[in-house]
Amino acid sequence: MSDLENDFRLKLESNSATERKHALEALLSYDLDDELIEIVAKLFADPDKGVRDAASMLFTLQPYPQVPSYIVRYCFSDDISIRNMAGEVLLKNGDYSIPALMEELGKGNSDDEKFIIDILGWIGSPEPTEKIIEVLKTNKDENVILACAEALGNIKAEEAVPVLLELLKNDVEEILTPTVMEALGKIGNKEAVNHFMKVYNDQDILTKYTIIESLGRVGDAESLGFLLEELQQTELSLVGPIVKSSEQLLSNLGFEIELSDELKLVILKALEENDEDTVLSAVKLLYNYENKEIIEAFVSIYGTLEELDEMLKDKFIQTYQISRNLILDRIINKGENTKKLLILYKEISLISEEFDFEPLSDTNQLEFLNTLSELIDNPDEEVRMTAAELLFQINPKDALLFADKIINDDNVWNRLKLIELLSEVNEPQAIDLLKKLADDSDEMVRERALSLLDDKKTRI
């Protein structure tokens with residue numbers, strides 16, 4: 001051992017916890033030999049938590065193939081914090097840890113066995129598959145058996161499928177069934193997929209959910225047909241999961257299908273789910289259709305999921321003759337997403353001149369104008385200003401009747417925006433409003449109003 005290494009050894013074996021901790025931190029930039037690794041490993045049982053944490057960090061940031069054989073014994077520690085720390089380092093060391101972990105199987109109690117198998121499963125290498133199957137077949141402890149099933153699923157061990165299916169067959173009380181089903185779903189070979197579809201109708205709702213989720217990940221064309229058929233008759237609580245898995249399968253398989261009207265109506269229910277992935281899946285399935293019910297549902301969720309907004313906006317432009325009135329109806333009825341729809345309507349209406357759209361009916365326009373005049377008093381400053389912009393865009397002369405409310409708006413940017421809107425209106429009332437704004441408490445507002453007044457006088 002060199003003088004430097006000997007100095008590290010002395011500090012690591014010091015009676016001072018601070019000195020031990022500082023030495024461990026210094027070793028982060030030093031290559032460790034077996035002797036130093038063995039000394040550091042002993043500090044996993046140090047009475048000082050700071051020292052233990054520093055030792056753990058050292059072995060986590062600098063993986064060494066020989067580390068697992070020195071720390072695997074701590075998987076049997078009675079101190080749960082030491083045990084978990086060792087487990088985290090073994091997991092971080094990945095494949096390096098597998099031989100040491102496998103060597104310890106069968107040497108501890110059931111809790112120890114489960115802990116080691118859990119780590120092997122999380123590492124995810126197929127190397128310990130045979131050993132885990134052996135434990136599953138011979139161990140009688142329920143928790144260990146469940147750990148084995150879960151680990152085999154994480155490993156995606158296809159050779160374990162017959163053993164797992166046999167486990168299901170003998171699980172009369174169905175204690176193991178949910179975990180084993182989930183494991184089979186992760187493995188996802190044809191035998192497992194066929195089994196899912198065969199036993200689906202006999203399962204409780206939680207197991208059905210597991211099957212649905214698994215089919216979405218690993219199913220085939222037959223699974224897709226099964227899911228879509230089930231969607232037409234399933235209970236409401238499973239509509240969302242089936243929609244999500246069906247869309248996932250369609251995407252994975254690269255299929256395009258024509259949905260029946262009945263299926264479209266069922267999928268619409270998934271738009272009411274709280275799960276964002278489910279809503280996104282439902283929109284993707286329905287996106288290419290232009291039924292009024294579908295567009296109306298899209299309008300109702302606009303603004304609730306940022307990832308969807310651009311996609312829905314494009315759809316509304318494509319179907320503007322349908323979507324425009326639906327958007328207006330929801331704004332008039334003050335839906336929860338009124339603000340988002342107001343801003344959307346303003347954006348779309350600005351580009352609507354590019355398209356040959358029919359104008360709004362007089363009735364619709366009057367209703368909308370009445371709603372906008374009410375929204376001028378909305379507590380939300382952006383709603384107030386967007387309503388004002390739309391009023392000026394639709395009918396500048398009538399908009400002047402409500403502009404007085406914006407003159408006293410608490411938001412200075414709204415008052416500045418009003419000046420910009422007034423610049424395009426050549427009416428006496430616009431001059432009167434600008435004169436009031438020329439006496440505004442804010443200097444920017446006063447200067448901009450005075451500048452516009454001078455400009456208007458010059459043009460006259």
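Not measured: the values here are computed from a predicted model.

A look at the overall build of the protein chain
- On a plain count of helices and strands, the protein chain comes out with 29 helices and zero strands.
- For 460 residues, the compact-globule formula gives about 23 Å, and the C-alpha radius of gyration of the protein chain, at 34 Å, lies well above that figure.
- Referenced to the eigenvectors of the C-alpha coordinate spread, the extents of the protein chain come out at roughly 95 × 65 × 30 Å.
- With 460 residues in all, the protein chain has 51% of them scored as buried.
- A separation of at least 24 residues holds for 64% of the contacts in the protein chain among residues at least 6 apart in sequence.
- Entry remark: accessible area of the protein chain is about 23500 Å², with carbon and sulfur atoms responsible for 46%.
- Taken together, the 47 basic and 94 acidic charged side chains of the protein chain have centroids lying 4 Å from each other.

A closer look at unusual backbone geometry
- A positive phi angle, close to 60°, is found at Lys-156, a residue other than glycine.
- Looking at the secondary structure, you find Lys-156 in the loop between helix 10 (142-155) and helix 11 (161-169).

Quick look at the packing of helix 9 (residues 129-138) against helix 11
- Running from N to C, helix 9 and helix 11 cross one another at 20°; their axes reach a closest spacing of 11 Å. On the basis of their axis angle, the class for helix 9 and helix 11 is roughly parallel. With respect to the hand of their crossing, helix 9 and helix 11 are arranged in left-handed fashion. Packed against helix 9, whose contacting residues are Ile-133, Leu-136 and Lys-137, the element helix 11 presents Val-163, Leu-164 and Leu-167 at the interface.

Topic: the pattern of salt bridges
- Under the counting rule described, the total for this entry stands at 24 salt bridges.
- The closest approach of N and O atoms between Glu-222 and Lys-190, which form a salt bridge, is 3.3 Å. With a gap of 32 residues between them, Glu-222 in helix 15 (residues 221-231) and Lys-190 in helix 13 (residues 190-199) connect regions that are remote in the sequence.
- Its salt-bridge partner being Lys-436, residue Asp-404 comes within 3.4 Å of it at the nearest N-O pair. A residue pair is termed long-range when its members are at least 10 positions apart, and Asp-404 in helix 26 (residues 403-407) and Lys-436 in helix 28 (residues 428-437) qualify at 32 residues.
- With a relative accessible area of 38%, Asp-404 lands in the partly exposed category.
- For Lys-436, a relative accessible area of 47% puts it in the partly exposed group.
- Sharing partners across several salt bridges, the network here consists of Lys-346, Glu-389, Lys-417 and Glu-420.

Description of helix 18 (residues 276-286)
- Among the 11 residues of helix 18, eight are classified as buried, and the element is accordingly described as predominantly covered.
- Taken together, the buried positions of helix 18 are occupied by Thr-278, Val-279, Leu-280, Ser-281, Ala-282, Val-283, Leu-285 and Leu-286.
- Contacts from the buried residues of helix 18 go to helix 16 (239-253), helix 17 (261-269), helix 19 (292-301) and helix 20 (306-318).

Observations regarding the environment of Asn-395
- On the secondary structure map, Asn-395 appears in the loop between helix 24 (381-394) and helix 25 (396-399).
- Spatially, the C-alpha atom of Asn-395 lies 10.0 Å from that of Gln-365, the residues being 30 residues apart in sequence.

Considerations on the environment of Leu-227
- Take Leu-227: it is sitting in helix 15.
- Along the backbone, Leu-227 and Gly-216 are 11 residues apart, and their C-alpha atoms lie at a distance of 9.0 Å.
- If sequence neighbours within four positions are ignored, Leu-227 has contacts with Ile-212, Leu-215, Ile-242, Ser-245, Ser-246 and Leu-249.

Description of the packing of aromatic side chains
- Within the structure shown, the criterion is met by six aromatic pairs.
- With a centroid separation of 5.7 Å and 20° between ring planes, the pair formed by Phe-44 and Tyr-74 is classed as stacked. Of this pair, Phe-44 sits in the loop between helix 3 (34-42) and helix 4 (49-61) while Tyr-74 sits in the loop between helix 5 (67-71) and helix 6 (80-92); the two residues are 30 residues apart in sequence, bridging distant segments of the chain. Residues Phe-44 and Tyr-74 agree in their burial class; the two are buried.
- A cation over a ring is seen here: Arg-83 above Phe-115, with NZ or CZ 4.7 Å from the ring centre.

Thoughts on the side chain of Asp-440
- Counting through the fold element by element, Asp-440 comes out in the loop between helix 28 and helix 29 (443-459).
- Asp-440 gets classed as buried once you look at its relative accessible area, which sits at 10%.
- At 2.8 Å, the side chain of Asp-440 forms a polar contact with the side chain of Arg-415.
- Residue contacts for Asp-440: discarding those within four places in its chain leaves Ile-407, Arg-415, Val-445 and Arg-446.

As for the confidence of the model for the protein chain
- For the protein chain, the average pLDDT comes to 89, and 96% of its residues sit at 70 or higher.
- Averaged pLDDT values for the elements of the protein chain fall to 81 in helix 1 (residues 3-12) and rise to 96 in helix 8 (residues 110-123).

Looking at a negative patch on the surface
- Side chains of Glu-130, Glu-134, Glu-158 and Glu-159 sit close together on the surface and give a patch of like negative charge.
- Within the secondary structure layout, Glu-159 lies in the loop between helix 10 and helix 11.

Some points on helix 16
- Helix length check: helix 16 (15 residues) gives 21 Å between terminal C-alpha atoms against 21 Å at 1.5 Å per residue, within 8%.
- If you check which residues of helix 16 are buried, you get Val-239, Gly-240, Pro-241, Ile-242, Val-243, Ser-245, Ser-246, Glu-247, Leu-249 and Leu-250.
- Against helix 14 (205-218), helix 15, helix 17 and helix 18 lie the buried residues of helix 16.
- Following helix 16 by one or two positions, Gly-254 has its phi on the positive side, about 70°.

Points about the packing of helix 19 against helix 21 (residues 320-332)
- Where helix 19 contacts helix 21, the axes come no closer than 9 Å and their chain directions differ by 45°. As summarised for this structure, helix 19 and helix 21 are arranged oblique, according to the angle between their axes. The handedness of the crossing between helix 19 and helix 21 comes out as right-handed. Within the contact between the two elements, helix 19 uses Lys-292, Ile-295, Glu-296, Val-299 and Ser-300 and helix 21 uses Ile-322, Ser-323, Leu-326, Ile-327 and Arg-330.
- Class assignment of the residues belonging to the contact of helix 19 with helix 21 gives a composition of five nonpolar, two polar and three charged.

Rules behind the numbers
Residues numbered from 1 in each chain as written. Predicted model: local features only at pLDDT ≥ 70, side-chain atom pairs only at ≥ 80, totals over all residues. Heavy atoms only, no water. Helix = DSSP H or I, 4+ residues; strand = E, 2+ residues; numbered from the N terminus. Rg over C-alpha atoms; globule rule 2.2 N^0.38 Å. Buried < 20%, exposed > 50% of the residue type's maximum accessible area, 1.4 Å probe, protein only. Contact = heavy atoms within 4.5 Å. Areas by Shrake-Rupley, 256 points an atom, 1.4 Å probe, with all protein chains shown as cover. Lys, Arg positive; Asp, Glu negative; His and termini not counted. Charge placed at Lys NZ, Arg CZ, Asp CG, Glu CD. Axes fitted to C-alpha atoms, helices over the stretch in contact; angles between N-to-C directions. Parallel < 35°, antiparallel > 145°, perpendicular 65-115°, else oblique. Left-handed = near helix turned anticlockwise from the far one by under 90°. Salt bridge = Lys/Arg side-chain N within 4 Å of Asp/Glu carboxyl O. Phe/Tyr/Trp six-rings, centres within 6.5 Å; stacked < 30°, edge-to-face > 60°. Lys NZ or Arg CZ within 6 Å of the ring centre and 35° of its normal. Polar contact = N/O pair within 3.5 Å; in protein donor to acceptor, adjacent residues only side chain to side chain. pLDDT = per-residue confidence, 0-100. Patch = residues over 30% accessible without salt bridge, like charges linked within 9 Å, V, L, I, M, F, W, Y side chains within 5 Å. Expected span 1.5 Å × (residues − 1). Nonpolar A, V, L, I, M, F, W, Y, C, P; charged D, E, K, R; others polar.

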